[in-house]
Amino acid sequence: MRDSNATVVVSGTTNIDTFVTVQNFPQPGETTIAKPGIEALGGKGANQAAACAHMGVNTVLLSTVGNDPQGELALKQLREHGVNTDYIVISRQPTGRAFIMNDPSGENIIIVTSGANELVSPAQQRETVDELRRQGPVPIVLAQGELTPEHSAQLPRLVANSDSRLVLNLAPVTTRDPDLMAAADPLVLNEGEAAAVLGEAPGTPVEELTDRLRTIARSVVITLGQRGALILEKGAEPVHIPAVHVDRVVDTTGAGDAFCGTLAAALAQGETLVDACTLGAAAGALATQKRGAAVSYASENEVRRLGEE
Ligand code: RIB
């Protein structure tokens, strides 16, 4: 069942990503010569909004950029991806930047300067979401952990007393606020983040954490990379979503964001959580086939074709 009128609101960061490719990641104190790469739209909020819009869903991004060439480039590329940028605030701080190193296996190291993203106003976002609700249904509010913990603490208020569902990708784990996590449906984490939200050591097997994870949010989705994803819901057996295999990984940057944006879009389109995760897995796999974050995202047709195979 599709509601073509439905809007997904994404509250999150916008960056401009600068990519370089290295043969090997440098060690501390080492200098490495890199090959220059693209400069393009990034930020977990902007990426997830782009992935959501690629699924043909009305997508409004609530974010802040600087009054600078990077801000202009970000707004232009967001519009090209089909994202509604009408509510993006232009601030006095510079646009957020991410400096991304890729190695030949497609793995990356990312360093972010938040810039204008630090100025996002929760009160202003609440007013905007209320205004959007007066225009039509807002079934999903999608957010990430990349804004400040103070901002994240306000996210439950964006969905309180409404028909909206909070899809929260707590990446990175900047807070372990129990009220925030309890409002998420689903809370989306990778394996490292799943250990971190419970205060466990990195590398703790997710199988040891499932009982505790399923109690912290209304539903939890753990992305497992090449092993697919796991859905945890209270009082139900875990559901495993198989991985979608692709021949060769070029760049994993933004693949998790493709998963989350597509998942949110599919839920807004009335899909079940299982089907939404399957489509998310397909979108994530397709995003690894090209360099870059949002620029690597596939169309709805490509995602559905691979997800329904
Ligand atoms: O998830 C990938 C994103 O993380 C990049 O686009 C970068 O901007 C950082 O926010």
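Above this note sits the structure.
Small disclaimer: the values here were computed from a predicted structure and weren't measured. (Residues numbered from 1 in each chain as written. Predicted model: local features only at pLDDT ≥ 70, side-chain atom pairs only at ≥ 80, totals over all residues. Heavy atoms only, no water.)

Q: Before we go on, may I ask you to explain the packing of helix H10 (residues 273–287) against helix H11 (residues 300–307) in this structure?
A: Two measures define how a pair of helices packs: the angle their axes make with one another and the distance between the axes. Where H10 meets H11, the closest approach of the two axes is 8 Å, and the angle between their N-to-C directions is 115 degrees. With respect to H11, the element H10 is oriented roughly perpendicular. Our pair here, H10 against H11, has a crossing hand that is right-handed. Every residue of H11 that contacts H10 at Thr-278, Leu-279, Ala-282, Ala-283 and Leu-286 is listed here: Glu-302, Val-303, Arg-304, Leu-306 and Gly-307. Its residues assigned to classes, the contact of H10 with H11 shows 6 nonpolar, 2 polar and 2 charged. (Axes fitted to C-alpha atoms, helices over the stretch in contact; angles between N-to-C directions. Helix = DSSP H or I, 4+ residues; strand = E, 2+ residues; numbered from the N terminus. Parallel < 35°, antiparallel > 145°, perpendicular 65-115°, else oblique. Left-handed = near helix turned anticlockwise from the far one by under 90°. Contact = heavy atoms within 4.5 Å. Nonpolar A, V, L, I, M, F, W, Y, C, P; charged D, E, K, R; others polar.)

Q: Explanation requested: the site of the ligand in the structure shown.
A: Taken together, Asn-15, Asp-17, Gly-42, Gly-43, Lys-44, Asn-47, Ala-98, Val-112, Glu-146, Gly-254, Asp-257 and Ala-293 form the complete shell of residues around the ligand. At a separation of 3.0 Å, an oxygen atom of the ligand approaches a polar side-chain atom of Asn-15. Glu-146 places a polar side-chain atom, nitrogen or oxygen, 2.5 Å from an oxygen atom of the ligand. In isolation the ligand offers 280 Å² of accessible surface; the protein chains occlude 96% of this area. Looking at the shell around the ligand, the elements with two or more residues in it are strand S2 (15–21) and helix H1 (44–54). Looking at the shell around the ligand, its residues break down into 3 nonpolar, 5 polar and 4 charged. (Near = heavy atom within 4 Å. Polar contact = N/O pair within 3.5 Å; in protein donor to acceptor, adjacent residues only side chain to side chain. Areas by Shrake-Rupley, 256 points an atom, 1.4 Å probe, with all protein chains shown as cover.)

Q: Is there a simple way to think about the side chain of Arg-97 in this case?
A: As for its placement among the helices and strands, Arg-97 is situated in strand S7 (residues 96–102). A distance of 3.4 Å separates a polar atom in the side chain of Arg-97 from a polar atom in the side chain of Thr-18. Engagement of the side chain of Arg-97 in a polar contact is seen with the side chain of Glu-39, the distance being 3.4 Å. Here Arg-97 is in contact with Asn-15, Ile-16, Thr-18, Glu-39, Gln-70, Ile-111, Val-112 and Thr-113, once residues within four sequence places are set aside.

Q: Please explain the pairing of strand S4 (residues 58–62) as it appears in this structure.
A: Each regular strand shows side chains that alternate between the opposite faces of the sheet. With 4 of 5 residues buried, S4 lies mostly within the body of the structure. Across 5 bridges, strand S1 (residues 7–11) lies against S4 in parallel orientation. Considered in S4, the bridge of Val-9 is made with Val-60. (Buried < 20%, exposed > 50% of the residue type's maximum accessible area, 1.4 Å probe, protein only. Pairing = 2+ DSSP bridges.)

Q: I tried to follow the pattern of salt bridges on my own but got confused; where do I start?
A: Side chains bearing opposite charge may pair, as long as their charged atoms lie close to each other. Per the stated rule, a full pass over the model turns up 10 salt bridges. Among the salt bridges present, the one from Arg-304 reaches Glu-308, with a minimum N-O distance of 3.6 Å. Residue Arg-304 is classed as buried on the basis of its relative accessible area, which comes to 13%. Salt bridges here are not isolated pairs; linked through shared partners, they connect Glu-271, Glu-300, Arg-304 and Glu-308. (Salt bridge = Lys/Arg side-chain N within 4 Å of Asp/Glu carboxyl O.)

By themselves, these observations are geometric and do not establish any function.
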